[in-house]
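# Descriptive analysis of the structure
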Amino acid sequence: MCDVLVRGARLVPLEGPLPGASAATSWSSPSSKLSDILIRNGTIESVAPAGAIEVSTDVPVLKAQGRWAVPGLWDQHVHMTQWAMSYTRLDTSGVQNSRQACDLVGQALRNGAGQTPTGMLTGLGHRCAEWAHQPTVAELDAVTGSVPVVLISGDCHHGWLNSAALAMLGVAPRNDVIAEDEWFDLYAKLDGLPGAQQETEASMELAVRRAHELGVVGIVDLEFARPWEQWPQRYAA
């Protein structure tokens, strides 16, 4: 991890109003004094008035030009794996009925979306509580054939599976969605599929980069698996 000097930033105070401006104008106020922030090996080593910190020529200098410097953000409740996988799963959040969902899945399969490390196409986002017709296994089978497909609802409280996915996960044939505790138990089996770990970690790398871009530096991971074991392994890798 490299060192860096952030030159000429405005520091957001941790307590009270921002200096020298009303709440309506504080974020654009030019009255706050500028500061330099020296970061060494990922840790803030010192903060001083702008121009007061000198570094060797090998330390990169980032010119903040009066932009605000905000403490890193923490997400105190996130199911990190599920969020990460949303980057690689089929987005079904826009569908308004089962027919639209099936059309979306069929098109995705024709475009090669089923060629995943697990051999399963997974979607996420639909909400069928107010649909006039509730989804069935049979209509999903009609557009998916032998490719296992699992569509996870937007609140993650049910799964809509085709027959191939039911068989892969050891579930007896049925024609309705799988919900609540029965679904939570089945969801855990997805992590045990051959290729699932590879798929998850590739998605996790994307998610961590995205979190950094948003200013998130830490999380409390309430994933259903064993994150207290997974994260040390990720750091080690």
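This text follows the structure it describes.
In this report, the structure presented in the accompanying data block is examined. All values derive from a computational prediction rather than experimental measurement.

Before going further, it helps to spend a moment on the packing of aromatic side chains. Under the counting rule described, the total for this entry stands at three aromatic pairs. Their ring planes at 75° and their centres at 5.6 Å tell us that Trp83 and Tyr87 sit as a pair that is edge-to-face. Of the residues examined, Trp83 reaches a relative accessible area of 30% and is grouped as partly exposed. Its relative accessible area of 38% is what places Tyr87 among the partly exposed residues. An angle of 70° between the planes, with centres 5.7 Å apart, marks the rings of Trp183 and Tyr187 as edge-to-face. Of this pair, Trp183 and Tyr187 are both found in helix 5 (residues 180-190), four residues apart, which corresponds to roughly one turn of the helix. When sorted by exposure, Trp183 lands in the same class as Tyr187, which is buried.

So, about the pattern of salt bridges. Inspection of the entire model under this criterion finds nine salt bridges. Note that Arg40 and Asp3 form a salt bridge whose closest N and O atoms lie 3.0 Å from each other. With a gap of 37 residues between them, Arg40 in strand 2 (residues 35-40) and Asp3 in the segment before strand 1 (4-11) connect regions that are remote in the sequence. Take Arg40: its relative accessible area is 29%, and that puts it in the partly exposed class. Taking the relative accessible area as the measure of exposure, Asp3 reaches 24% and is therefore partly exposed.

Moving on, we come to the pairing of strand 9 (residues 149-153). Where burial is concerned, most of strand 9 is hidden: five out of the five residues are buried. Neither face of strand 9 is open: one carries Val149, Leu151 and Ser153, the other Val150 and Ile152, and all of them are buried. Pairing of strand 8 (residues 121-126) with strand 9 involves five bridges; the strand directions are parallel. Bridging across to strand 9, Thr122 finds its partner in Val150. As paired strands, strand 9 and strand 10 (residues 158-161) are joined by three bridges and run antiparallel to one another. Paired with Leu151 across the bridge in strand 10 is Trp160. In textbook terms, the turn of a hairpin is the stretch between consecutive antiparallel strands, and for strand 9 and strand 10 this stretch comprises four residues, one of which, Cys156, has a positive phi near 65°.

Here the focus is helix 2 (residues 98-110). Between the first and last C-alpha of helix 2 there are 18 Å, a value that for 13 residues agrees with the 18 Å anticipated at 1.5 Å per step. For helix 2, the complete set of buried residues consists of Ser98, Ala101, Cys102, Val105, Gly106, Ala108 and Leu109. Relative to the axis of helix 2, the buried residues are bounded by an arc of 160° and lie together on one face. On the buried face of helix 2, the contacting elements are strand 7 (90-91), strand 8, helix 3 (137-144), strand 9 and strand 10. Looking one or two places after helix 2, you find Gly112, whose phi comes out positive at around 90°.

Turning next to the layout of surface pockets. A water-sized probe, rolled over the atoms, reveals where empty space remains. If you add up the space inside the largest pocket, you get close to 740 Å³. For the largest pocket, the lining is made up of 21 residues, of which Ile37, Ile39, Ile44, Val70 and Gly72 are closest to its centre. Those elements that place two or more of their residues in the lining of the largest pocket are strand 1, strand 2, strand 3 (43-49) and strand 5 (68-69). A per-element tally of the lining of the largest pocket places strand 1 first, with four residues. Looking at the lining of the largest pocket residue by residue, the class counts come to 18 nonpolar, two polar and one charged.

Reading the values: rules and limits
- Residues numbered from 1 in each chain as written.
- Predicted model: local features only at pLDDT ≥ 70, side-chain atom pairs only at ≥ 80, totals over all residues.
- Heavy atoms only, no water.
- Phe/Tyr/Trp six-rings, centres within 6.5 Å; stacked < 30°, edge-to-face > 60°.
- Buried < 20%, exposed > 50% of the residue type's maximum accessible area, 1.4 Å probe, protein only.
- Helix = DSSP H or I, 4+ residues; strand = E, 2+ residues; numbered from the N terminus.
- Salt bridge = Lys/Arg side-chain N within 4 Å of Asp/Glu carboxyl O.
- Pairing = 2+ DSSP bridges.
- Expected span 1.5 Å × (residues − 1).
- Arc of directions from axis to C-beta.
- Contact = heavy atoms within 4.5 Å.
- 1 Å grid on protein atoms, 1.4 Å probe; cavity = no way out; pocket = protein on both sides within 12 Å on 5 of 7 lines; lining within 4 Å.
- Points joined across faces, edges and corners; volume = space filled by probe spheres on them.
- Nonpolar A, V, L, I, M, F, W, Y, C, P; charged D, E, K, R; others polar.

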